[in-house]
Amino acid sequence: MVSKPDFLSGSGQDHFRPELQVESPEGELHLRFYIPSHQEFALQATGIREVIELSPDRITPIPNASPLLLGTLNLRGRVIWVADLGQFLGEASALNTDRAEISVIAIEEQDTIVGLAVEEIGGMDWLDVQNLMPPTSVPDTMAPFLRGEWSLGAKNNQCLRLLDQMAIVRSARWAG
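Residues numbered from 1 in each chain as written. Predicted model: local features only at pLDDT ≥ 70, side-chain atom pairs only at ≥ 80, totals over all residues. Heavy atoms only, no water.

Where an unreviewed UniProt entry is consulted, the protein appears under the name Purine-binding chemotaxis protein CheW, with the organism given as Nostoc cf. edaphicum LEGE 07299.

Enquirer: I'm lost on the sheet that holds strand β8 (residues 120-127) in this one. Help?
Expert: Two modes of strand pairing occur in sheets, parallel and antiparallel, and in both the strands are linked by backbone hydrogen bonds. The strand order across the open sheet formed by five strands is β8-β1-β2-β10-β9, and the pairing between neighbours is mixed. The sheet terminates laterally at β8 and β9 (146-153), the two strands that pair on one side only. The average undirected angle you get between the axes of adjacent strands in this sheet is 30 degrees. As paired elements, strand β1 (residues 28-34) and strand β2 (residues 40-44) share five bridges and run antiparallel to each other. Following the sheet pairing, Phe33 is matched in β2 by Phe41. (Pairing = 2+ DSSP bridges. Helix = DSSP H or I, 4+ residues; strand = E, 2+ residues; numbered from the N terminus. Axes fitted to C-alpha atoms, helices over the stretch in contact; angles between N-to-C directions.)

Enquirer: When you look at the environment of Phe145 in this model, what are you seeing that I'm missing?
Expert: Its location among the elements puts Phe145 in the loop between β8 and β9. Note on Phe145: relative accessible area 4%, which makes it buried. Through-space distance from the C-alpha of Phe145 to that of Ala167 is 5.6 Å; in sequence the pair is 22 residues apart. In this structure, Phe145 is in contact with Phe88, Leu89, Leu162, Leu163, Asp164, Ala167, Ile168, Ser171 and Arg173, ignoring residues within four places of it in sequence. (Buried < 20%, exposed > 50% of the residue type's maximum accessible area, 1.4 Å probe, protein only. Contact = heavy atoms within 4.5 Å.)

Enquirer: It is not clear to me how the pairing of strand β4 (residues 69-75) should be interpreted in this structure. Could you clarify?
Expert: Side-chain direction in a regular strand flips from residue to residue, so the side chains alternate between the two faces of the sheet. Judged by how many residues are buried, β4 sits mostly within the fold: five of seven residues are covered. Once β4 ends, the chain turns through two residues before running back antiparallel as strand β5 (residues 78-84), passing Arg76 with a positive phi of about 50 degrees.

Structure representation (structure tokens):
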């Protein structure tokens, strides 16, 4: 007689090994990253198409385009605009493109995909949007693109700002 694996026996009892059970995370999955001014931001993972590390020469500059646009990128056969996210948000310091690789976050809203070039990717984190607070001391150029912020520490006044990817994709700033 051939013995069936336990999961086919239909005993009605689930046999979990306690060491494999993971606590359910709080909140939603977000990507954390930095712009050149060292401010930290987050985007909801559900709106991110992919994160790419690429050579700056893969971004084709477009003459007479807005300075906040680095150019276009061929993303799996689709041409997308890539912006320096820091400058897009109104920061003065430009992204250093004179390096081996640039991190680009491709975000998608309906059928539109755009690329956001950032200084550094921080990683993925579960963050609870119910703990979001209204943004404080935010420049007017950045305010329309923020959903709120989380306080990371009262001592050093650090915060993690949540970007609104829909507002970024639909912004008139892409037009130059």
